[in-house]
Amino acid sequence: MFRLPTTATAPFCPSEVSGSVSVPSHATVWQKLKVYVGPGLLISIGYMDPGNWATSVQAGSQFGYQLLFVVMLSSLAAIVLQCLCARLGIVTGKDLAVHSRENYPPAVGKGMWVFAELSIIACDLAEVLGCALAFKLLLGVSLPVGVLLTALDTVIVLGLQGRGFRQVEAIILGLVVTIAVCLFAQLAFVKADWHAVVQGFVPSLTALSSREPLYLAIGVLGATVMPHNLYLHSSIVQTRAVKRDRAGMLEAIRYTRVDTTVSLLIAMAINAAILILAASAFHRSGRTDVVDLDVAYHLLDPITGTSLAAILFGVGLFAAGQSSTFTGTIAGQVIMEGFLKLKIPCWQRRLVTRGLALIPALIGVLTLGEHSVGRLLVLSQVVLSLQLPFAMFPLIRLTSRRDLMGDFANPVWLAALVWMLFLGISAANTWLVVQLFI
């Protein structure tokens, strides 16, 4: 007889799978790399979710290739921050949420927990809207019905209960490959101006001189560097059974750095491909008003001359939205257990998060109409960006502490770099809030 689990189970509860992936001591470099590959891929999914699609499509449609450098710089910042998270988890054996609870007063810790939960809800809102739109485009259902259908992904969580963490990583790899194939195949149908593409990767303050491109740039940043991913990464790297001596931790950090860097470079390429697709298909044809993904879907057929482009767009969007089911559930467990010392069954965690995302999603599409998904997705990414400094601050402080990290503490140059990132992101967010109120 089937019964719902009453306790937190693997693979969505990281503490249940800590040290479950063994690392052969006498394996070759390639064999060890294959063992360490996985957490970076799981993190990378958060960097190519429907929120990224919305911000990149709007940026490409309105400003052509000009904001490609924002995608690149955001991705490089993400690599630096995620490597810090991984190092924190490997060296201390504790994740960022646990450290935050232990190193800050209870009231501050509870506030950080609230902000972390808001970031997960904002991310899940983007997933709900993305999957609902994919259902509408591929199956022909209405958007509210598509929103309700997204509640069924709890079945996926139940189906994987008790499984190993490597199985989740294998599923994520399949979804990443699906997204990449769909997007790069679409690029074959449009004629991109590759000289302009290269120029778009060159940083330019002029491109951010007005409110609209800066708003989108902050949305791209929020869609790229996700706050809850910082908590998540510091936890899931502990699934590898690492020797607790200096040599063992150094080896784990090096292999994890490769996993993180390569995975996020793939995510950067995918995000850049979305923007290039929008710039080539819409901006160059004079359609600078494409801000909704469903409009982009329907315009791809006549512009590219083939119906396959739109189908690939819909399939890729669905894969991008569905993949966040895994990261959102695991991140929720990490944050709840780390800040509150609370474990609940994974399906309950999924229902709570999804329920909190379904309400604003339904309200948004019912009040603003079925063409409001793009605006809601961009807004969700801006909300994510506003939460980012609250996760960055403790991460930078903790990884710079020699009494905690020992020889693995941030060197002076790295500490200066990440504090500059913190100040830059905080300043951009402050400007955005001021502009919104003005």
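(A) Main features of the overall build of the chain. A count of helical and extended segments in the chain gives 19 helices and zero strands. Taken over 438 residues, the chain has a buried fraction of 60%. For the chain, long-range pairs separated by at least 24 residues make up 86% of all intrachain contacts whose partners lie at least 6 apart in sequence. Within the structure as shown, the chain displays about 16900 Å² of accessible surface, and the carbon and sulfur contribution to it stands at 68%.

(B) Representation of the confidence of the model for the chain in the model. Scored by pLDDT, the chain comes out at a mean of 82, with 88% of its residues at no less than 70. For the chain, helix α8 (residues 154-159) is the element with the lowest average pLDDT, namely 63, and helix α18 (residues 402-405) is the one with the highest, namely 94.

(C) Local environment of the side chain of Glu117. Relative to the elements of secondary structure, Glu117 occurs in helix α6 (residues 106-139). What makes Glu117 buried here is its relative accessible area of 11%. Apart from residues lying up to four places away in sequence, Glu117 is in contact with Ile335 and Arg349.

(D) Expanded view of the pattern of salt bridges. Under the definition given, this model contains eight salt bridges. We note a salt bridge from Glu102 to Lys94, for which the minimum N-O separation is 3.1 Å. Here Asp407 makes a salt bridge to Arg402, at a shortest N to O gap of 4.0 Å. As far as the burial class goes, Asp407 and Arg402 line up, both exposed.

(E) The arrangement of the packing of aromatic side chains in detail. Scanning the model with the defined rule gives seven aromatic pairs in all. A centroid spacing of 5.8 Å and a plane angle of 50 degrees characterise the contact between Phe393 and Phe422, whose relative ring orientation is tilted. Here Phe422 lies in helix α19 (residues 412-437) and Phe393 lies in helix α17 (residues 373-399), a separation of 29 residues in the sequence. A network of ring pairs unites the aromatic residues Phe393, Trp419 and Phe422 as a single cluster.

(F) Region of the structure containing unusual backbone geometry. Even without being glycine, Lys341 reaches a positive phi, approximately 55 degrees. Position of Lys341 among the secondary structure elements: in the loop between α15 (308-340) and α16 (346-368).

(G) A look at the packing of α6 against α16. Interaxial distance between α6 and α16 falls to 8 Å at its minimum, and their mutual angle equals 60 degrees. Relative to α16, the element α6 is oriented oblique. Pair α6 / α16 crosses with right-handed handedness. Within the contact between the two elements, α6 uses Glu117, Ile120, Ile121, Asp124, Leu125, Glu127, Val128 and Leu129 and α16 uses Arg349, Arg350, Thr353, Arg354, Leu356, Ala357, Leu358, Pro360, Ala361 and Val365. Tallied by class, residues from the contact of α6 with α16 come to 11 nonpolar, one polar and six charged.

(H) Spotlight on the packing of helix α4 (residues 68-92) against helix α12 (residues 227-236). Direction vectors running N to C along α4 and α12 enclose 40 degrees, while the axes themselves pass 7 Å from each other. Both α4 and α12 take part in a crossing whose hand is right-handed. The segment α4 lies against α12, with Leu81, Gln82, Cys85, Ala86 and Gly89 engaging Asn229, Leu230, His233 and Ser234. For the contact of α4 with α12, the per-class residue count stands at four nonpolar, five polar and no charged.

(I) Here's a closer look at the side chain of Lys32. Positionally, Lys32 belongs in helix α1 (residues 29-36). Looking at Lys32, its side chain comes within polar contact range of the side chain of Glu251, at 2.7 Å. The contacts of Lys32, once residues within four sequence positions are left out, are Val23, Pro24, Ser25, Ala27, Glu251 and Tyr255.

(J) Representation of a nonpolar patch on the surface in the model. On the surface, Leu138, Leu139, Phe189, Leu308, Ile311 and Val315 cluster together to form a nonpolar patch covering roughly 480 Å² of accessible area. Sorting the residues of the nonpolar patch by element identifies α6 and α15 as the ones contributing at least two each. The greatest single-element share of the nonpolar patch, amounting to three residues, is contributed by α15. Within the secondary structure layout, Phe189 lies in the loop between α9 (165-187) and α10 (194-200).

Definitions and limits used
Residues numbered from 1 in each chain as written. Predicted model: local features only at pLDDT ≥ 70, side-chain atom pairs only at ≥ 80, totals over all residues. Heavy atoms only, no water. Helix = DSSP H or I, 4+ residues; strand = E, 2+ residues; numbered from the N terminus. Buried < 20%, exposed > 50% of the residue type's maximum accessible area, 1.4 Å probe, protein only. Contact = heavy atoms within 4.5 Å. Areas by Shrake-Rupley, 256 points an atom, 1.4 Å probe, with all protein chains shown as cover. pLDDT = per-residue confidence, 0-100. Salt bridge = Lys/Arg side-chain N within 4 Å of Asp/Glu carboxyl O. Phe/Tyr/Trp six-rings, centres within 6.5 Å; stacked < 30°, edge-to-face > 60°. Axes fitted to C-alpha atoms, helices over the stretch in contact; angles between N-to-C directions. Parallel < 35°, antiparallel > 145°, perpendicular 65-115°, else oblique. Left-handed = near helix turned anticlockwise from the far one by under 90°. Nonpolar A, V, L, I, M, F, W, Y, C, P; charged D, E, K, R; others polar. Polar contact = N/O pair within 3.5 Å; in protein donor to acceptor, adjacent residues only side chain to side chain. Patch = residues over 30% accessible without salt bridge, like charges linked within 9 Å, V, L, I, M, F, W, Y side chains within 5 Å.

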